[in-house]
2 protein chains.
Amino acid sequence: MKYKYSKQREYIKEYIMGRTDHPTADMVYKAVKKDLPNISLATVYRNLMVLADMGELNRLSIGDSSDRFDPKTNDHPHFVCKECGSILDMEEEKIDEISKKFSLEMPGEITSYKLTFYGICEKCKASENSGYMENNKKSA
Amino acid sequence: MKYKYSKQREYIKEYIMGRTDHPTADMVYKAVKKDLPNISLATVYRNLMVLADMGELNRLSIGDSSDRFDPKTNDHPHFVCKECGSILDMEEEKIDEISKKFSLEMPGEITSYKLTFYGICEKCKASENSGYMENNKKSA
DNA sequence: CTGCATGCAAATCTTTTGCATAAGA
DNA sequence: TCTTATGCAAAAGATTTGCATGCAG
(Lines give C-alpha, C1' and ligand atoms only; values in the text may rest on other atoms or scores of the structure.)
Protein backbone atom coordinates (compact mmCIF):
# COMPACT_ATOMS: atom_id res chain seq x y z
CA MET A 1 0.00 0.00 0.00
CA LYS A 2 3.00 2.33 0.04
CA TYR A 3 3.53 3.60 -3.44
CA LYS A 4 6.29 5.89 -4.50
CA TYR A 5 6.08 8.42 -7.26
CA SER A 6 6.78 7.42 -10.84
CA LYS A 7 6.71 9.46 -13.99
CA GLN A 8 5.07 6.58 -15.82
CA ARG A 9 2.14 6.45 -13.43
CA GLU A 10 1.85 10.22 -13.63
CA TYR A 11 1.41 10.09 -17.40
CA ILE A 12 -0.89 7.09 -17.29
CA LYS A 13 -3.10 8.74 -14.73
CA GLU A 14 -3.19 11.99 -16.60
CA TYR A 15 -4.10 10.23 -19.81
CA ILE A 16 -6.95 8.27 -18.25
CA MET A 17 -8.27 11.30 -16.41
CA GLY A 18 -8.64 13.14 -19.67
CA ARG A 19 -10.78 10.49 -21.31
CA THR A 20 -14.38 9.47 -21.27
CA ASP A 21 -14.04 6.67 -23.80
CA HIS A 22 -12.98 3.87 -21.46
CA PRO A 23 -9.66 2.94 -23.06
CA THR A 24 -8.10 -0.52 -22.87
CA ALA A 25 -4.66 -1.08 -21.37
CA ASP A 26 -3.24 -1.25 -24.85
CA MET A 27 -4.80 2.04 -25.84
CA VAL A 28 -3.30 3.66 -22.76
CA TYR A 29 0.04 2.08 -23.60
CA LYS A 30 0.05 3.35 -27.18
CA ALA A 31 -0.98 6.82 -26.08
CA VAL A 32 1.51 7.21 -23.24
CA LYS A 33 4.24 5.74 -25.41
CA LYS A 34 4.21 8.94 -27.43
CA ASP A 35 5.57 10.84 -24.44
CA LEU A 36 7.50 8.00 -22.85
CA PRO A 37 8.81 5.89 -25.73
CA ASN A 38 10.45 3.33 -23.44
CA ILE A 39 7.44 2.50 -21.34
CA SER A 40 6.36 -1.11 -21.43
CA LEU A 41 2.90 -2.59 -21.51
CA ALA A 42 3.62 -4.42 -18.27
CA THR A 43 4.24 -1.10 -16.57
CA VAL A 44 0.95 0.18 -17.88
CA TYR A 45 -0.90 -2.82 -16.50
CA ARG A 46 0.90 -2.58 -13.19
CA ASN A 47 0.13 1.09 -12.81
CA LEU A 48 -3.42 0.67 -13.89
CA MET A 49 -3.77 -1.80 -11.04
CA VAL A 50 -2.04 0.56 -8.63
CA LEU A 51 -4.30 3.42 -9.65
CA ALA A 52 -7.34 1.22 -9.24
CA ASP A 53 -6.05 0.27 -5.81
CA MET A 54 -5.58 3.92 -4.96
CA GLY A 55 -9.15 4.51 -6.00
CA GLU A 56 -8.17 6.76 -8.88
CA LEU A 57 -9.90 4.66 -11.49
CA ASN A 58 -12.13 1.67 -12.06
CA ARG A 59 -11.49 -1.38 -14.14
CA LEU A 60 -14.42 -2.79 -16.04
CA SER A 61 -15.21 -5.62 -18.40
CA ILE A 62 -17.98 -4.96 -20.84
CA GLY A 63 -17.96 -8.44 -22.28
CA ASP A 64 -15.56 -8.18 -25.19
CA SER A 65 -11.90 -9.18 -25.19
CA SER A 66 -10.14 -6.55 -23.10
CA ASP A 67 -10.83 -4.75 -19.88
CA ARG A 68 -11.48 -1.02 -19.84
CA PHE A 69 -10.37 1.68 -17.49
CA ASP A 70 -12.62 4.43 -16.31
CA PRO A 71 -11.63 7.59 -14.42
CA LYS A 72 -15.09 7.69 -12.91
CA THR A 73 -14.69 5.62 -9.78
CA ASN A 74 -18.27 5.39 -8.66
CA ASP A 75 -20.65 2.71 -9.88
CA HIS A 76 -22.66 3.93 -12.83
CA PRO A 77 -24.39 2.35 -15.82
CA HIS A 78 -22.75 2.15 -19.23
CA PHE A 79 -24.11 2.04 -22.72
CA VAL A 80 -22.30 -0.01 -25.34
CA CYS A 81 -23.04 0.54 -28.99
CA LYS A 82 -23.10 -2.77 -30.84
CA GLU A 83 -22.46 -0.93 -34.04
CA CYS A 84 -19.46 1.31 -33.41
CA GLY A 85 -18.31 -0.23 -30.13
CA SER A 86 -18.23 3.01 -28.24
CA ILE A 87 -18.87 2.90 -24.52
CA LEU A 88 -20.75 5.78 -23.03
CA ASP A 89 -21.19 6.73 -19.41
CA MET A 90 -24.71 7.10 -18.19
CA GLU A 91 -26.10 9.25 -15.44
CA GLU A 92 -25.00 7.98 -12.06
CA GLU A 93 -27.18 5.74 -10.00
CA LYS A 94 -26.36 5.08 -6.39
CA ILE A 95 -26.52 1.47 -5.42
CA ASP A 96 -29.29 1.95 -2.92
CA GLU A 97 -31.37 3.78 -5.52
CA ILE A 98 -30.97 0.78 -7.76
CA SER A 99 -31.88 -1.56 -4.96
CA LYS A 100 -35.01 0.44 -4.41
CA LYS A 101 -35.96 0.57 -8.05
CA PHE A 102 -35.52 -3.14 -8.37
CA SER A 103 -37.92 -4.57 -5.92
CA LEU A 104 -35.99 -7.78 -6.27
CA GLU A 105 -35.07 -9.99 -3.41
CA MET A 106 -31.37 -9.47 -3.03
CA PRO A 107 -29.77 -12.81 -2.24
CA GLY A 108 -27.26 -11.15 0.01
CA GLU A 109 -25.75 -7.85 0.99
CA ILE A 110 -24.96 -5.82 -2.13
CA THR A 111 -21.78 -3.77 -2.22
CA SER A 112 -21.52 -2.84 -5.88
CA TYR A 113 -23.10 -3.42 -9.25
CA LYS A 114 -22.44 -3.37 -12.93
CA LEU A 115 -25.13 -2.31 -15.31
CA THR A 116 -24.51 -2.24 -19.02
CA PHE A 117 -26.99 -1.55 -21.74
CA TYR A 118 -26.35 -2.69 -25.28
CA GLY A 119 -27.86 -1.07 -28.31
CA ILE A 120 -27.23 1.31 -31.14
CA CYS A 121 -26.17 4.82 -30.31
CA GLU A 122 -27.80 7.88 -31.78
CA LYS A 123 -24.85 8.59 -33.99
CA CYS A 124 -24.94 5.15 -35.58
CA LYS A 125 -28.66 5.14 -35.91
CA ALA A 126 -28.48 8.43 -37.74
CA SER A 127 -25.66 7.34 -39.98
CA GLU A 128 -27.05 3.89 -40.69
CA ASN A 129 -28.85 5.21 -43.73
CA SER A 130 -26.20 7.59 -44.88
CA GLY A 131 -23.51 4.95 -44.98
CA TYR A 132 -21.36 6.94 -42.59
CA MET A 133 -19.16 5.11 -40.12
CA GLU A 134 -17.91 6.57 -36.88
CA ASN A 135 -15.81 4.23 -34.77
CA ASN A 136 -14.33 0.73 -34.96
CA LYS A 137 -16.37 -2.43 -35.56
CA LYS A 138 -17.87 -3.46 -38.85
CA SER A 139 -21.18 -1.95 -39.78
CA ALA A 140 -22.61 -5.30 -40.95
CA MET B 1 -26.58 -21.52 -39.82
CA LYS B 2 -27.17 -25.12 -40.87
CA TYR B 3 -26.07 -27.32 -38.04
CA LYS B 4 -26.13 -31.07 -38.11
CA TYR B 5 -26.65 -33.27 -35.12
CA SER B 6 -23.74 -34.27 -32.92
CA LYS B 7 -23.65 -36.40 -29.84
CA GLN B 8 -21.18 -33.99 -28.26
CA ARG B 9 -23.52 -31.05 -28.59
CA GLU B 10 -26.35 -33.17 -27.26
CA TYR B 11 -24.44 -33.91 -24.07
CA ILE B 12 -23.17 -30.36 -23.70
CA LYS B 13 -26.64 -28.98 -24.08
CA GLU B 14 -28.11 -31.44 -21.66
CA TYR B 15 -25.46 -30.67 -19.10
CA ILE B 16 -25.95 -26.92 -19.29
CA MET B 17 -29.72 -27.22 -19.19
CA GLY B 18 -29.51 -29.05 -15.92
CA ARG B 19 -27.50 -26.37 -14.16
CA THR B 20 -28.21 -23.09 -12.49
CA ASP B 21 -24.62 -22.40 -11.44
CA HIS B 22 -23.37 -20.78 -14.65
CA PRO B 23 -20.48 -23.13 -15.45
CA THR B 24 -17.39 -22.12 -17.40
CA ALA B 25 -16.40 -23.87 -20.62
CA ASP B 26 -13.86 -25.86 -18.70
CA MET B 27 -16.41 -27.00 -16.15
CA VAL B 28 -18.65 -28.17 -18.98
CA TYR B 29 -15.70 -29.91 -20.57
CA LYS B 30 -14.75 -31.77 -17.41
CA ALA B 31 -18.34 -32.78 -16.76
CA VAL B 32 -19.15 -33.99 -20.27
CA LYS B 33 -15.81 -35.77 -20.45
CA LYS B 34 -17.13 -38.29 -17.96
CA ASP B 35 -19.60 -39.54 -20.56
CA LEU B 36 -17.55 -38.77 -23.65
CA PRO B 37 -13.92 -39.31 -22.65
CA ASN B 38 -12.57 -38.28 -26.04
CA ILE B 39 -14.27 -34.93 -26.29
CA SER B 40 -11.95 -31.96 -26.61
CA LEU B 41 -12.16 -28.55 -25.05
CA ALA B 42 -12.23 -26.99 -28.52
CA THR B 43 -15.37 -28.95 -29.32
CA VAL B 44 -16.95 -27.71 -26.13
CA TYR B 45 -16.16 -24.11 -27.01
CA ARG B 46 -17.40 -24.58 -30.57
CA ASN B 47 -20.65 -26.12 -29.45
CA LEU B 48 -21.18 -23.57 -26.76
CA MET B 49 -20.99 -20.97 -29.49
CA VAL B 50 -23.34 -22.95 -31.70
CA LEU B 51 -25.83 -23.34 -28.89
CA ALA B 52 -25.63 -19.64 -28.15
CA ASP B 53 -26.22 -18.97 -31.82
CA MET B 54 -29.22 -21.29 -31.77
CA GLY B 55 -30.54 -19.34 -28.82
CA GLU B 56 -30.28 -22.32 -26.47
CA LEU B 57 -28.02 -20.54 -24.03
CA ASN B 58 -26.39 -17.26 -23.14
CA ARG B 59 -22.75 -16.49 -22.67
CA LEU B 60 -21.88 -14.05 -19.96
CA SER B 61 -18.82 -12.44 -18.43
CA ILE B 62 -19.11 -11.53 -14.81
CA GLY B 63 -15.75 -9.83 -14.63
CA ASP B 64 -13.43 -12.62 -13.58
CA SER B 65 -11.21 -14.68 -15.88
CA SER B 66 -13.59 -17.00 -17.71
CA ASP B 67 -16.92 -16.63 -19.40
CA ARG B 68 -19.97 -18.41 -18.05
CA PHE B 69 -22.79 -20.18 -19.80
CA ASP B 70 -26.38 -19.84 -18.76
CA PRO B 71 -29.35 -21.95 -19.94
CA LYS B 72 -31.63 -19.01 -19.21
CA THR B 73 -31.59 -17.11 -22.46
CA ASN B 74 -33.50 -14.03 -21.43
CA ASP B 75 -31.83 -11.01 -19.91
CA HIS B 76 -31.93 -11.14 -16.15
CA PRO B 77 -29.82 -9.77 -13.31
CA HIS B 78 -27.18 -11.85 -11.56
CA PHE B 79 -25.76 -11.79 -8.10
CA VAL B 80 -22.10 -12.64 -7.60
CA CYS B 81 -20.83 -13.49 -4.15
CA LYS B 82 -17.39 -11.97 -3.61
CA GLU B 83 -16.80 -14.50 -0.90
CA CYS B 84 -17.61 -17.89 -2.38
CA GLY B 85 -17.78 -16.86 -6.02
CA SER B 86 -21.18 -18.35 -6.65
CA ILE B 87 -23.35 -16.72 -9.28
CA LEU B 88 -27.04 -16.64 -8.62
CA ASP B 89 -29.87 -15.83 -10.97
CA MET B 90 -32.19 -13.11 -9.88
CA GLU B 91 -35.82 -12.61 -10.67
CA GLU B 92 -36.26 -11.66 -14.29
CA GLU B 93 -36.58 -8.08 -15.35
CA LYS B 94 -37.72 -7.23 -18.82
CA ILE B 95 -35.65 -4.63 -20.52
CA ASP B 96 -38.47 -2.15 -20.79
CA GLU B 97 -39.17 -2.50 -17.08
CA ILE B 98 -35.58 -1.62 -16.43
CA SER B 99 -35.75 1.29 -18.79
CA LYS B 100 -38.75 2.55 -16.91
CA LYS B 101 -37.20 2.10 -13.50
CA PHE B 102 -34.14 3.94 -14.61
CA SER B 103 -35.40 7.26 -15.66
CA LEU B 104 -32.09 7.71 -17.41
CA GLU B 105 -31.66 9.20 -20.79
CA MET B 106 -30.80 6.27 -22.98
CA PRO B 107 -28.10 7.34 -25.42
CA GLY B 108 -29.58 5.14 -28.10
CA GLU B 109 -31.94 2.28 -28.73
CA ILE B 110 -31.45 -0.40 -26.13
CA THR B 111 -31.67 -4.03 -27.18
CA SER B 112 -30.28 -5.85 -24.18
CA TYR B 113 -28.63 -5.31 -20.84
CA LYS B 114 -26.41 -6.92 -18.29
CA LEU B 115 -26.95 -6.24 -14.63
CA THR B 116 -24.73 -7.82 -12.02
CA PHE B 117 -24.77 -7.19 -8.33
CA TYR B 118 -21.74 -7.98 -6.21
CA GLY B 119 -21.90 -8.72 -2.55
CA ILE B 120 -21.88 -11.45 0.03
CA CYS B 121 -24.51 -14.12 -0.18
CA GLU B 122 -26.64 -15.17 2.77
CA LYS B 123 -24.82 -18.43 3.12
CA CYS B 124 -21.44 -16.76 3.41
CA LYS B 125 -22.72 -14.07 5.69
CA ALA B 126 -24.11 -16.71 8.00
CA SER B 127 -20.97 -18.82 7.92
CA GLU B 128 -18.58 -15.92 8.23
CA ASN B 129 -18.61 -16.24 11.99
CA SER B 130 -18.72 -20.00 12.13
CA GLY B 131 -15.66 -20.42 9.96
CA TYR B 132 -17.60 -22.52 7.47
CA MET B 133 -16.71 -22.31 3.79
CA GLU B 134 -19.09 -23.15 0.98
CA ASN B 135 -17.65 -22.73 -2.50
CA ASN B 136 -14.33 -21.82 -4.13
CA LYS B 137 -12.46 -18.56 -3.41
CA LYS B 138 -10.51 -17.85 -0.27
CA SER B 139 -12.39 -16.49 2.67
CA ALA B 140 -9.86 -13.72 3.28
C1' DC C 1 -20.90 -38.81 -51.65
C1' DT C 2 -20.50 -33.96 -49.55
C1' DG C 3 -20.09 -31.08 -45.99
C1' DC C 4 -20.35 -29.97 -41.23
C1' DA C 5 -18.27 -31.70 -36.77
C1' DT C 6 -14.40 -33.47 -34.09
C1' DG C 7 -9.86 -34.07 -31.83
C1' DC C 8 -5.41 -32.42 -31.46
C1' DA C 9 -2.00 -29.21 -31.51
C1' DA C 10 -0.59 -24.87 -32.51
C1' DA C 11 -1.70 -20.11 -32.58
C1' DT C 12 -3.78 -15.83 -30.55
C1' DC C 13 -4.76 -12.52 -27.21
C1' DT C 14 -4.81 -10.45 -22.95
C1' DT C 15 -2.82 -10.06 -18.58
C1' DT C 16 0.62 -11.39 -15.18
C1' DT C 17 5.30 -12.46 -13.47
C1' DG C 18 10.38 -13.17 -12.75
C1' DC C 19 14.48 -10.83 -12.76
C1' DA C 20 18.23 -7.65 -13.12
C1' DT C 21 18.60 -2.74 -13.18
C1' DA C 22 17.00 2.10 -12.40
C1' DA C 23 14.99 5.52 -9.62
C1' DG C 24 12.46 7.58 -5.53
C1' DA C 25 12.52 8.47 -0.48
C1' DT D 1 21.07 2.88 1.41
C1' DC D 2 16.79 0.57 1.17
C1' DT D 3 12.76 -0.34 -1.30
C1' DT D 4 9.58 0.14 -4.85
C1' DA D 5 9.17 0.77 -10.00
C1' DT D 6 10.57 -0.36 -14.69
C1' DG D 7 11.60 -2.83 -19.06
C1' DC D 8 12.00 -7.02 -21.24
C1' DA D 9 10.97 -11.47 -22.06
C1' DA D 10 8.82 -15.43 -20.68
C1' DA D 11 4.74 -17.48 -18.49
C1' DA D 12 0.02 -18.16 -17.83
C1' DG D 13 -4.80 -18.59 -18.79
C1' DA D 14 -8.68 -18.49 -21.89
C1' DT D 15 -10.35 -18.97 -26.35
C1' DT D 16 -9.81 -19.73 -31.26
C1' DT D 17 -8.16 -21.90 -35.41
C1' DG D 18 -5.84 -25.04 -39.04
C1' DC D 19 -6.02 -29.45 -40.62
C1' DA D 20 -6.73 -34.29 -41.48
C1' DT D 21 -10.26 -37.50 -40.47
C1' DG D 22 -15.02 -38.98 -38.92
C1' DC D 23 -19.92 -38.95 -39.04
C1' DA D 24 -24.60 -37.01 -40.36
C1' DG D 25 -27.72 -36.09 -44.09
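Parameters at a glance
Residues numbered from 1 in each chain as written. Chains lettered and ligands numbered in written order. Predicted model: local features only at pLDDT ≥ 70, side-chain atom pairs only at ≥ 80, totals over all residues. Heavy atoms only, no water. Near = heavy atom within 4 Å. Polar contact = N/O pair within 3.5 Å; in protein donor to acceptor, adjacent residues only side chain to side chain. Helix = DSSP H or I, 4+ residues; strand = E, 2+ residues; numbered from the N terminus. Nonpolar A, V, L, I, M, F, W, Y, C, P; charged D, E, K, R; others polar. Least-squares fit on C-alpha atoms with pLDDT ≥ 70 in both. Contact = heavy atoms within 4.5 Å. Buried area = accessible area lost by both parts, 1.4 Å probe. Salt bridge = Lys/Arg side-chain N within 4 Å of Asp/Glu carboxyl O. Patch = residues over 30% accessible without salt bridge, like charges linked within 9 Å, V, L, I, M, F, W, Y side chains within 5 Å. Areas by Shrake-Rupley, 256 points an atom, 1.4 Å probe, with all protein chains shown as cover. Buried < 20%, exposed > 50% of the residue type's maximum accessible area, 1.4 Å probe, protein only. Axes fitted to C-alpha atoms, helices over the stretch in contact; angles between N-to-C directions. Parallel < 35°, antiparallel > 145°, perpendicular 65-115°, else oblique. Left-handed = near helix turned anticlockwise from the far one by under 90°. pLDDT = per-residue confidence, 0-100. Pairing = 2+ DSSP bridges.

Draft legend 1. Molecular detail of the protein's contact with DNA strand C. Around DNA strand C, 24 residues are found, and the nearest of them are Y45 and D67 of chain A together with S6, T43 and R46 of chain B. Of all DNA strand C atoms lying within 4 Å of any protein atom, the proportion belonging to sugar or phosphate reaches 70%. At 3.3 Å, a side-chain N or O of R46 of chain A approaches a base oxygen of DNA strand C. Within the contact set of DNA strand C, a phosphate oxygen lies 2.8 Å away from a backbone nitrogen or oxygen of D67 of chain A. Within the residue set of the surface near DNA strand C, elements represented by two or more residues are helix 3 (41–53) of chain A together with helix 1 (7–17) and helix 3 (41–53) of chain B. Among the elements that take part in the surface near DNA strand C, helix 3 of chain A stands out by supplying five residues, more than any other. Class assignment of the residues belonging to the surface near DNA strand C gives a composition of eight nonpolar, eight polar and eight charged.

Draft legend 2. Local environment of the relation of the copies chain B and chain A. Once chain B is rotated about the relating axis by 179° and shifted along it by 0.0 Å, it coincides with chain A to within an RMSD of 0.1 Å. Such values leave the two copies arranged in the relation of a two-fold axis. In terms of C-alpha distance to the rotation axis, chain B has L115 of chain B as its closest residue, with the C-alpha 2.2 Å off the axis.

Draft legend 3. View of the interface of chain B and chain A. Tallying the contact residues gives 34 residues for chain B and 34 residues for chain A. Around 3,000 Å² of area is buried between chain B and chain A when both sides are counted, 62% of it from carbon and sulfur atoms. Summed over the shared surface of chain B and chain A, the number is two salt bridges. Here chain B is connected to chain A by ten residue pairs in polar contact (both at pLDDT 80 or more). Sort the elements by how many residues they give to the side of chain B that touches chain A and strand 5 (residues 108–121) of chain B lands first, with 14 residues.

Draft legend 4. Main features of a nonpolar patch on the surface. Residue and element names in this part refer to chain A. Taken together, L41, Y45 and M49 make up a surface patch of nonpolar side chains, about 250 Å² in accessible area. Summarising the element assignment, L41 is placed in helix 3. Given a relative accessible area of 30%, L41 falls into the partly exposed group.

Draft legend 5. Representation of the packing of helix 1 (residues 7–17) of chain A against helix 2 (residues 25–33) of chain A in the model. Residues and elements named next belong to chain A. Between helix 1 and helix 2, the shortest axis-to-axis distance is 10 Å and the interhelical angle comes to 115°. By the angle between their axes, helix 1 is roughly perpendicular relative to helix 2. Between helix 1 and helix 2 lies a crossing of right-handed hand. Residue-level contacts link Y11, I12, Y15 and I16 of helix 1 to M27, V28, A31 and V32 of helix 2. Class assignment of the residues belonging to the contact of helix 1 with helix 2 gives a composition of eight nonpolar, no polar and no charged.

Draft legend 6. Fine view of the confidence of the model for chain A. Residue-level pLDDT values for chain A average 86, and 81% of them are 70 or greater. Of the regions scoring below 50 in pLDDT, residues 132–140 of chain A engages in 15 contacts with residues more than four places distant in sequence or in other chains.

Draft legend 7. A look at unusual backbone geometry. Notably, H22 of chain A is not glycine yet its phi reads approximately 55°, a positive angle. Positionally, H22 of chain A belongs in the loop between helix 1 and helix 2.

Draft legend 8. Looking closely at the pairing of strand 3 (residues 78–81) of chain B. All names here are of chain B. The two faces of strand 3 match: H78 and V80 on one face and F79 and C81 on the other face are all buried. Two elements, strand 3 and strand 4 (residues 87–89), share three bridges in a ladder whose sense is antiparallel. Directly across from F79, in strand 4, lies its bridge partner L88. Counting the residues in the hairpin turn of strand 3 and strand 4 gives five residues, including G85, whose phi is positive at 80°. Note that strand 3 and strand 5 share four bridges and pair parallel. Across the sheet, residue V80 finds its bridge partner in strand 5, namely Y118.

Draft legend 9. Spatial organisation of the pattern of salt bridges. Enumeration according to the criterion identifies twelve salt bridges over all chains in this entry. Between R19 of chain A and D21 of chain A there is a salt bridge, with the nearest N and O atoms lying 3.3 Å from each other. Salt-bridge contacts for R59 of chain B lead to D67 of chain B; the nearest nitrogen and oxygen are separated by 2.9 Å.

Draft legend 10. Here's a closer look at the protein's contact with DNA strand D. Near DNA strand D there are 24 residues, and of these K4, S6, T43 and R46 of chain A together with Y45 of chain B occur at the shortest range. Among atoms of DNA strand D positioned within 4 Å of the protein, sugar and phosphate together represent 73%. Between DNA strand D and K4 of chain A there is a distance of 2.7 Å, counted from a base oxygen to a side-chain nitrogen or oxygen. Interatomic distance of 3.3 Å between a side-chain N/O atom of R46 of chain B and a base oxygen of DNA strand D. With five residues, the single largest contributor to the surface near DNA strand D is helix 3 of chain B.

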